[in-house]
Amino acid sequence: MGYYTSTILVTIFIILISVDYFMPCKAQLSTTFYDTTCPSALSTIQTSINAAVSSNGRNAASVIRLHFHDCFVQGCDASLLLGGAGSEKESAANDGVVGYDVIDDAKAAVESVCPGVVSCADILAVAARDASVAVGGPSWTVRLGRRDSQDSNAAEAATDLPRGNMNLGELISNFANKGFNTREMVALSG
């Protein structure tokens, strides 16, 4: 693995760990959340993500980006996956975000073994970790028990997500609004 790839994977790892620890969450998350209600959930997600990344390596980055975009607006609640007029998914801030089909496939696979049990938010969080691992990146423990959002807000995505045309001061302010300091912003931005 080259220096550039290693740097990107370390940055991804820092992003996902930071998002998991710094984004607000009211639920008590646990690594054993589905152990009794859907014991095959994690292996089912992993199998689906491995197949998607095996068929197209870019799917790994797409899933990780989906997770970041979801967590940066309203927390890690799968609100990005909700469609329709006025949704985060339809926001101009999420133009170019792809990989929804990969998550749809993982959700369908999980639903086939445990209908109505595993949240889309947890599937997306686990899928991001599994996508990193599938391309030789880091792994981390994903705490589970997130609840799916019932609403999605395009305007919030437009104001919350960092944009490529922001100057340094705007980026620092944008990340500070989410509880990140300048050093963490640099690590998350790559």
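Residues numbered from 1 in each chain as written. Predicted model: local features only at pLDDT ≥ 70, side-chain atom pairs only at ≥ 80, totals over all residues. Heavy atoms only, no water.

**Section: the packing of aromatic side chains**
No. 1: What the rule picks out here adds up to 5 aromatic pairs.
No. 2: Considering the side-chain rings of Phe175 and Phe180, the 6.1 Å spacing of their centres and the 65° angle between planes classify their relative orientation as edge-to-face. Each member of the pair, Phe175 as well as Phe180, is classed as buried.
No. 3: A network of ring pairs unites the aromatic residues Phe68, Phe72, Phe175 and Phe180 as a single cluster.
No. 4: Positioned over the ring face of Tyr100 is Lys89, at 4.4 Å from the centre of the ring.
No. 5: Directly above the ring of Phe72 sits Lys178, whose terminal nitrogen or CZ lies 5.7 Å from the centroid. (Phe/Tyr/Trp six-rings, centres within 6.5 Å; stacked < 30°, edge-to-face > 60°. Buried < 20%, exposed > 50% of the residue type's maximum accessible area, 1.4 Å probe, protein only. Lys NZ or Arg CZ within 6 Å of the ring centre and 35° of its normal.)

**Observations concerning the pattern of salt bridges**
Opposite charge on two side chains allows them to pair when their charged atoms are near.
No. 1: Throughout the structure, instances matching the rule amount to 4 salt bridges.
No. 2: A salt bridge links Glu111 to Lys107; its shortest N-O distance comes to 2.9 Å. Of this pair, Glu111 and Lys107 both sit in helix 4 (residues 100-113), separated by 4 residues, roughly a single helical turn.
No. 3: Taking the relative accessible area as the measure of exposure, Lys107 reaches 18% and is therefore buried.
No. 4: Between Asp130 and Arg129 there is a salt bridge, with the nearest N and O atoms lying 2.7 Å from each other. (Salt bridge = Lys/Arg side-chain N within 4 Å of Asp/Glu carboxyl O. Helix = DSSP H or I, 4+ residues; strand = E, 2+ residues; numbered from the N terminus.)

**Considerations on helix 7 (residues 168-176)**
No. 1: Buried within helix 7 are the following residues: Leu171, Asn174 and Phe175. Along the axis of helix 7, the buried residues cluster in a sector spanning 90°; they form a single face.
No. 2: Looking at the packing, one finds that the buried side of helix 7 touches helix 3 (58-72), helix 6 (154-160) and helix 8 (182-189).
No. 3: The N-cap of helix 7, judged by a side-chain oxygen 3.0 Å from the amide nitrogen of Gly169 a few residues on, is Asn167. (Arc of directions from axis to C-beta. Contact = heavy atoms within 4.5 Å. Polar contact = N/O pair within 3.5 Å; in protein donor to acceptor, adjacent residues only side chain to side chain.)

**Quick word on the state of the cysteines**
No. 1: Scanning all chains against the criterion turns up 2 disulfides.
No. 2: The side chain of Cys38 participates in a disulfide bridge whose partner is Cys114; the two sulfur atoms lie 2.0 Å from each other. Judged by the torsion about the S-S bond (90°), the Cys38/Cys114 disulfide is right-handed. With Cys38 in the loop between helix 1 (3-22) and helix 2 (41-55) and Cys114 in the loop between helix 4 and helix 5 (120-134), this pair connects stretches of sequence that are 76 residues apart. Residue Cys38 shares its accessibility class with Cys114, and that shared class is buried.
No. 3: The side chain of Cys71 participates in a disulfide bridge whose partner is Cys76; the two sulfur atoms lie 2.0 Å from each other. Across the S-S bond linking Cys71 and Cys76, the dihedral sits near 120°, which makes this disulfide right-handed.
No. 4: The class for Cys71 is buried, based on a relative accessible area of 0%.
No. 5: The class of Cys76 is buried, set by a relative accessible area of 14%. (Disulfide = S-S within 2.5 Å.)

**Considering the packing of helix 3 against helix 4**
No. 1: Across the interface, helix 3 lies against helix 4 with an axial gap of 9 Å and an inter-helix angle of 85°. Between helix 3 and helix 4, the angle falls in the class roughly perpendicular. Judged by residue contacts, Asn59, Val63 and Leu66 of helix 3 engage Tyr100, Val102 and Ile103 from helix 4. (Axes fitted to C-alpha atoms, helices over the stretch in contact; angles between N-to-C directions. Parallel < 35°, antiparallel > 145°, perpendicular 65-115°, else oblique.)

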